[in-house]
Amino acid sequence: NSPVSLKKFVNILEENCGRKAIINNKEMQLGDVPATYADIDMLNHDIGFRPETPLELGLKDFVTWYLNYYKE
């Protein structure tokens, strides 16, 4: 329920990986959607769960796990 831009997502990954992404911008392709995000209203209603981990922390934890798992 908190959409962020792809640019912000990539910037957070770059910060946590310590390297710049190689970005090849292209025009929208057939089938691309301009925006997408999870609607968690039914999840919250049905089981009372609402994720609270901020994107910055979640991606940081993911990068840490990934690098440790793959020993990069």
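Relevant structure appears above.
Residues numbered from 1 in each chain as written. Predicted model: local features only at pLDDT ≥ 70, side-chain atom pairs only at ≥ 80, totals over all residues. Heavy atoms only, no water.

## Concerning the overall build of the protein
Inclusion rule: Here a helix means four or more residues in a row that DSSP labels H or I, a strand means two or more in a row labelled E, and each is numbered from the N terminus. A simple rule labels every residue: compare its accessible area, found with a 1.4 Å probe on the protein chains alone, to the largest value its type can have, and call it buried under 20%, exposed over 50%, or partly exposed in between. We call two residues in contact when some of their heavy atoms are within 4.5 Å. Computed with a 1.4 Å probe, the accessible areas rest on the Shrake-Rupley method; for each residue, only the protein chains presented here act as cover. We score Asp and Glu as negative and Lys and Arg as positive, and we do not count His or the chain ends. Taken as the charge centre is NZ of Lys, CZ of Arg, CG of Asp or CD of Glu, depending on the residue.
Secondary structure summary: the protein contains three helices and zero strands in total. Its helices and strands taken in sequence order, the protein reads α-α-α from the N to the C terminus. Across its three principal directions, the C-alpha atoms of the protein cover 40 × 35 × 20 Å. For the protein, with 72 residues in total, the buried portion stands at 8%. Excluding contacts between residues fewer than 6 apart, the proportion of contacts in the protein whose partners are at least 24 apart in sequence is 67%. As displayed, the protein offers around 6,800 Å² of accessible surface, 56% of which is attributable to carbon and sulfur atoms. Distance from the positive charge centre (8 side chains) to the negative charge centre (11 side chains) of the protein: 9 Å.

## A word on the packing of helix α1 (residues 6-17) against helix α3 (residues 55-69)
Selection criterion: Axis definition: a line fit to C-alpha positions, over the contact stretch in the case of helices; interaxial angles, taken between N-to-C directions, run 0 to 180 degrees. Angle categories are assigned with fixed cut-offs, so that under 35 degrees is roughly parallel, over 145 is roughly antiparallel, 65 to 115 is roughly perpendicular, and the rest are oblique. Should the near helix be turned anticlockwise from the far one by less than a right angle, the crossing is left-handed, and should it be turned clockwise, the crossing is right-handed. Note that Gly is not counted as nonpolar here; it falls among the polar residues with everything else outside the nonpolar set of Ala, Val, Leu, Ile, Met, Phe, Trp, Tyr, Cys and Pro and the charged set of Asp, Glu, Lys and Arg.
Interhelical geometry of α1 versus α3 gives an angle of 45° and a closest axis separation of 9 Å. In terms of orientation, α1 lies oblique with respect to α3. At the point where α1 passes α3, the crossing takes the right-handed sense. In contact with Lys 8, Phe 9, Ile 12, Leu 13, Asn 16 and Cys 17 of α1, α3 contributes Leu 55, Glu 56, Leu 59, Lys 60 and Val 63. Taken together, the residues that form the contact of α1 with α3 break down as seven nonpolar, one polar and three charged.

## Thoughts on the pattern of salt bridges
For the record, the criterion: Salt bridge, as used here, is a side-chain nitrogen of Lys or Arg placed within 4 Å of a carboxyl oxygen of Asp or Glu.
On inspection of all chains with the given rule, the structure shows three salt bridges. Lys 20 serves as the salt-bridge partner of Glu 14, at 3.5 Å between the closest nitrogen and oxygen. One salt bridge connects Arg 50 with Asp 41, and the closest N-O pair in it is separated by 3.9 Å. We classify Arg 50 as partly exposed; its relative accessible area is 35%. Overall, Asp 41 belongs to the partly exposed group, its relative accessible area being 43%.

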